[in-house]
Amino acid sequence: MNTFARRAAVALTATAMAASLAACGEAGDGDNSSKDNKTIGLLLPESKTTRYESFDYPLIKAKVAELCSDCKVDYKNASENVSTQKQQFDDLITSGVKVIILDTVDSPSAKAWVQEAADKDVKVVAYDRLAEGPVSAYVSFDNEKVGELQGQALVDALGSKAATANVVMINGKESDPNAALFKAGAHSVLDTKVGKIVYEQSGEWDPAVAGQKVGAAITSLGKDGFDAVYSANDGMAGGIIAALESAGIKNIPVGGQDSELAALQRILAGTQSFTIYKPYKPEAEKTAEIAVNLLNGKSIDSLADTKSDSPSNKGIPSSLLQPTVVTKDNIKDTVVKDGLWKASDICTADYAAACKAAGIE
């Protein structure tokens, strides 16, 4: 190779290396790739509660598509594992996502992640559970009110026995900030309107764990040692009712929340007394709208018109929806009317007679 050819080859190689290094720098900084990123991250905490896969994800995905035709949703589920959710969160930021909808597995753990995201100008919308750290918005229900409704519905189900009733409480997972609010709301009613809370444990949002805890309560208190069971959600209520039936205990009030299909069928069958209806569609759609607005640099003031405080941050723009108690008497006028479940979903052959008696056809 002559001198001219060698010089040309060296120059070409240097130019290529410089271009490659520049490209690597751009990707790492996220300068070009992320400015036009139209992907919204969605991190949900677990799948044992049926709502997340059946309602939250598809509703958010559909609303984002409706509002932004070129936007996409990158969805991941943490299966109740904090480390898994942290890795998912980091992966979204690395990919250039600028808005993340986060339903946290553990609120305090998320504080550092949310701060890191804010430092990189990534907006985090806390969904259903209020993550700690500088979140840009929070969408959920008045969760202490949910607990109050649960407590009052259990009192109503006990009727004249309430004032002297012994109650077992199976609460949600302690790392879930909503569980503390449900518990506080329920206690605000039960502590003054029933005889005594005789046993109280966390069921970890797991039907099997909840059933085991009630089994332990039966062993400790005896079959006649309690008159009702507070369950923080419907999934655990299913495990609790199975444990009661296994022990031959019948006709005591058990409540829940989430309006799961199986819970509605248990209410019709008379083994569960009530559930709490939290309309997922308006919650999911409001969250999607806030996320799209944040992605496009638009105001969210009209969408998040109240404020919430977490242990680490105050005055978080929020939208808090109102829950409703559902019993056999109003299934038709709530979850069926709103389209959460069709009558045909609820009224399978085993529940056809109960549906007819409740006016659901």
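Residues numbered from 1 in each chain as written. Predicted model: local features only at pLDDT ≥ 70, side-chain atom pairs only at ≥ 80, totals over all residues. Heavy atoms only, no water.

Comments concerning helix H8 (residues 234-246)
Along an α-helix, residues three or four positions apart point the same way, because every turn accommodates 3.6 residues. Just so we agree on the cut-off: Strands here are runs of E lasting at least two residues and helices are runs of H or I lasting at least four, both read from the DSSP assignment and numbered beginning at the N terminus. Given a helix with a known number of residues, its expected span is that number minus one, times 1.5 Å. Each residue's exposure class comes from its accessible area (1.4 Å probe, protein chains only) as a fraction of the maximum for that residue type: buried when under 20%, exposed when over 50%, partly exposed otherwise. Every residue pair with non-hydrogen atoms within 4.5 Å of one another is taken to be in contact. In the analysis that follows, any N or O atom pair within 3.5 Å is treated as a polar contact, provided that within protein one partner can donate a hydrogen and the other can accept it, and provided that, for residues neighboring in sequence, both atoms belong to side chains.
For H8, spanning 13 residues, the distance from its first C-alpha to its last is 18 Å, which sits close to the expected 18 Å at 1.5 Å a residue. The complete set of buried residues in H8 reads Asp234, Gly235, Met236, Ala237, Gly239, Ile240, Ile241, Ala243 and Leu244. On the buried face of H8, the contacting elements are strand E6 (166-171), helix H7 (207-221), strand E8 (228-231), helix H9 (261-269) and strand E9 (275-277). At the N-terminal end of H8, a side-chain oxygen is found 3.4 Å from the backbone nitrogen of Gly235, two or three residues along, and the residue is Asn233. In the stretch just after H8, Gly248 is the one whose phi turns positive, near 80°.

With respect to the sheet that holds strand E3 (residues 99-102)
Pairing between sheet strands relies on hydrogen bonds along the backbone, with the strands arranged either parallel or antiparallel. Where we set the bar: Only strands that DSSP links by at least two bridges are regarded as paired with each other. Lines fitted to C-alpha atoms define the axes here, with helix axes fitted over just the stretch in contact, and angles between the N-to-C directions of these axes take values from 0 to 180 degrees.
Pairing is mixed in the open sheet, where seven strands are placed in the order E2-E1-E3-E4-E5-E11-E10. The strands lining the two open edges of the sheet, one partner per strand, are strand E2 (72-77) and strand E10 (306-308). Strand-to-strand, the axes of this sheet are offset by a mean angle of 25°, without reference to chain direction. Across six bridges, strand E1 (residues 39-44) lies against E2 in parallel orientation. By the bridge assignment, Gly41 is partnered in E2 with Asp74. On the sheet, helix H10 (residues 280-295) packs against E1, E3, strand E4 (123-127), strand E5 (137-141) and strand E11 (316-321) and is oriented at approximately 175° with respect to E4.

Topic: helix H2 (residues 51-67)
A rise of 1.5 Å per residue sets the reference length of H2, with its 17 residues, at 24 Å; its end C-alpha atoms lie 23 Å apart and thus fit the reference within 8%. For H2, every residue scored as buried is listed here: Arg51, Tyr52, Phe55, Asp56, Tyr57, Leu59, Ile60, Lys63 and Val64. Turning to H2, the residues buried within the fold contact E1, E2, E3, E4 and H10.

Comments concerning the sheet that holds strand E7 (residues 196-202)
Read across the sheet, three strands follow the order E7-E6-E8 without closing on themselves; strand pairing throughout is parallel. Each edge of the sheet is formed by a strand with only one pairing partner; in this case those strands are E7 and E8. Neighbouring strand axes in the sheet, compared pairwise and without regard to direction, differ in orientation by 20° on average. Judged from the four bridges that link them, E6 and E8 form a sheet pairing that is parallel. Paired with Ile170 across the strands is Ser231, a residue of E8. Contacts from H7 reach E6, E7 and E8 within the one sheet, and its direction differs from that of E7 by about 145°. Packed on one face of the sheet, H8 meets E6 and E8 and runs near 155° to E8.

Describing the state of the cysteines
Just so we agree on the cut-off: Criterion for a disulfide: a pair of cysteine sulfur atoms within 2.5 Å.
Taken as a whole and judged by the stated rule, the model has two disulfides. Here Cys68 pairs with Cys71 through a disulfide, and the sulfurs are 2.0 Å apart. Sign of the S-S torsion, about 65° for the bond between Cys68 and Cys71, identifies this disulfide as right-handed. Disulfide pairing places Cys347 opposite Cys355 at an S-S distance of 2.1 Å. Linking Cys347 and Cys355, the disulfide has an S-S dihedral of approximately -95° and is accordingly described as left-handed.

Some words on the pairing of E1
So the rule is basically this: Look down the strands so they point away from you; if the path from the first strand over the helix to the second goes clockwise, the crossover is right-handed.
Burial analysis of E1 places six of its six residues in the buried class, the great majority of the element. Residue alternation in E1 divides its side chains into two sets, Thr39, Gly41 and Leu43 and Ile40, Leu42 and Leu44, and both sets are buried. Crossover E1 to E2 through H2 is right-handed. In this structure, E1 lies alongside E3, joined through four bridges in parallel fashion. Across the sheet, Gly41 pairs through a bridge with Ile100, a residue of E3.

Section: the side chain of Arg129
Inspection of the secondary structure assignment puts Arg129 in the loop between E4 and E5. Ignoring anything within four residues of it in the chain, the contact list for Arg129 reads Pro45, Glu46, Tyr52, Leu102, Asp103, Thr104, Val105, Tyr138, Asp176, Pro177, Asn178 and Trp205.

A word on the environment of Ser220
One can find Ser220 in helix H7. Classification of Ser220 as exposed rests on a relative accessible area of 56%. When the C-alpha positions of Ser220 and Tyr199 are compared, they lie 9.0 Å apart, and in sequence the two are 21 residues distant.

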